[in-house]
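A closer look at the structure
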Amino acid sequence: MRIPLKYRLLMTAGICAVVFIAGCVDTSVNPIPKSVDYQSQLKVVNFVSGAGAANLTMNGKSLGSAAFGAEVPGSSTGFLTVGSGSKSLSTTFGSAAAKTYKFALATDYKYRVFLVGTAAKNDVYTGAQRYIFQTKDSPGAKNLFLSDTGLVTLFNGSPDATLDSVSVDGAAAISLGGVGAGAASKQALKLRTGAHSLRIVCSGTTSVTVPVTAASKGRYTVAVYDTLASLKGSVFIDD
């Protein structure tokens, strides 16, 4: 049976349209990746009083050793990039029982992970600092990196003290509201570029004085650690 002319014309037009559309497909578009690499960044700080150095292994990979009051990677090294998600941090101490800590890291966040307590009782605390992509010159990061100003967050790494107030260069004390173990101040201190002295009053009467040299757009964590009877202070560079 012969196909009428009008149907043959329609069929021909349809085939030409299909060929034309296929020829317009953009083959230069990047293919969808088979998997996505979810990442976070971290450093681990050893604030476990009386336990000695901490040898750290996370998810089967050695991170190295952190002396009491120190961090891994060290202050001269950047934050370690790792896969995000659940973590198992196995720790052996020089003077305390081994322990495995469990925690999770959110994707694209930069963390400092603190081990806080005593040789007899200790735990892990994670502090998210910023998104990985929020750098000093990135759009939308103005509040995180201030020109001619350093931002300081106070962290309590002592197992039995509270952070009550702080004064900068002898000025009037600023209340911290009693920051407990493993916690950080809610607001960061703004320090003009240069050398400063922070006096942190803990548990009512005990105080620790920590020198801080602030750089323009610098970000720091000032930590108080060890037991109330022998409190210490240290400065960690965030950015």
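Look above for the structure.
The present account deals with the structure reproduced in this document.

Cut-offs and rules
Residues numbered from 1 in each chain as written. Predicted model: local features only at pLDDT ≥ 70, side-chain atom pairs only at ≥ 80, totals over all residues. Heavy atoms only, no water. Helix = DSSP H or I, 4+ residues; strand = E, 2+ residues; numbered from the N terminus. Contact = heavy atoms within 4.5 Å. Pairing = 2+ DSSP bridges. Axes fitted to C-alpha atoms, helices over the stretch in contact; angles between N-to-C directions. Buried < 20%, exposed > 50% of the residue type's maximum accessible area, 1.4 Å probe, protein only. 1 Å grid on protein atoms, 1.4 Å probe; cavity = no way out; pocket = protein on both sides within 12 Å on 5 of 7 lines; lining within 4 Å. Points joined across faces, edges and corners; volume = space filled by probe spheres on them. Nonpolar A, V, L, I, M, F, W, Y, C, P; charged D, E, K, R; others polar. Core = buried A, V, L, I, M, F, W, Y, C linked by side-chain atoms within 4.5 Å. Salt bridge = Lys/Arg side-chain N within 4 Å of Asp/Glu carboxyl O.

1. Examining the overall build of the chain
The secondary structure content of the chain amounts to one helix and 17 strands. Of all intrachain contacts in the chain linking residues separated by at least 6 positions in sequence, the fraction that spans at least 24 positions is 56%.

2. Some words on the sheet that holds strand 6 (residues 85-93)
Strand order in the open sheet made by the four strands is 3-2-6-7, with antiparallel pairing throughout. Edge positions in the open sheet fall to strand 3 (61-66) and strand 7 (99-105), since each of these has one partner strand only. Taken over all neighbouring pairs, the strand axes of this sheet differ in orientation by 25° on average, direction set aside. Here strand 6 runs beside strand 7; their pairing, made up of seven bridges, is antiparallel. Looking across to strand 7, one finds that Lys87 is bridged to Phe103.

3. Some words on the sheet that holds strand 14 (residues 194-202)
Pairing is antiparallel across the open sheet formed by four strands, whose spatial order is 12-11-14-15. Where the open sheet ends on each side, the last strands, each with one partner, are strand 12 (174-179) and strand 15 (206-214). When the angles between neighbouring strand axes are averaged without regard to direction, this sheet yields 25°.

4. Concerning unusual backbone geometry
A negative phi holds for most residues other than glycine; trans holds for most peptide bonds. A cis geometry characterises the amide bond from Val72 onward to Pro73, with omega recorded as -10°. Along the chain, Pro73 turns up in the loop between strand 4 (71-72) and strand 5 (80-83). Phi at Asn59 takes a positive value of approximately 50°, unusual for a residue other than glycine. At Asp148, a residue that is not glycine, the phi angle is positive and equals roughly 60°. Secondary-structure assignment places Asp148 in the loop between strand 9 (122-131) and strand 10 (149-157). The exposure class assigned to Asp148 is partly exposed, which follows from its relative accessible area of 43%.

5. What to know about the environment of Gly50
Within the fold, Gly50 resides in the loop between strand 1 (39-49) and strand 2 (54-58). Given a relative accessible area of 57%, Gly50 falls into the exposed group. Spatially, the C-alpha atom of Gly50 lies 9.3 Å from that of Thr227, the residues being 177 residues apart in sequence. Here Gly50 is in contact with Ser95 and Ala119, once residues within four sequence places are set aside.

6. Focus on the layout of surface pockets
Put simply, the largest pocket is a space of about 420 Å³. Lining the largest pocket are 24 residues, with Ala128, Gln129, Thr153, Arg219 and Asp238 positioned closest to its centre. Ranked by residues supplied to the lining of the largest pocket, first place goes to strand 9 with five residues. Of the residues in the lining of the largest pocket, the class split is 11 nonpolar, nine polar and four charged.

7. Some words on the nonpolar core
As a rule of thumb, soluble globular proteins bury nonpolar side chains together. Formed by 21 residues in total, the largest nonpolar core has its most connected members in Val152, Leu154, Leu163, Leu198, Ile200 and Val222. When residues no more than four places from it in sequence are discounted, the contact partners of Ile200 are Leu154, Leu163, Ser165, Val166, Thr206, Ser207, Val208, Val210, Val222 and Val224.

8. Observations regarding the pairing of strand 3
With five bridges connecting them, strand 2 and strand 3 associate as antiparallel partners. Looking across to strand 3, one finds that Asn55 is bridged to Ser65.

9. Some remarks on the pattern of salt bridges
Should the charged atoms of two oppositely charged side chains come close, the side chains can pair. Tallying each qualifying case throughout the model produces eight salt bridges. Between Arg112 and Glu71 there is a salt bridge whose closest N-O contact spans 3.0 Å. With Arg112 in strand 8 (residues 109-118) and Glu71 in strand 4, the pair connects residues that are 41 residues apart, well separated along the chain. On the basis of relative accessible area, Glu71 is assigned to the buried category, the value being 9%.

Remember, this is a structural readout, not a statement about activity or role.
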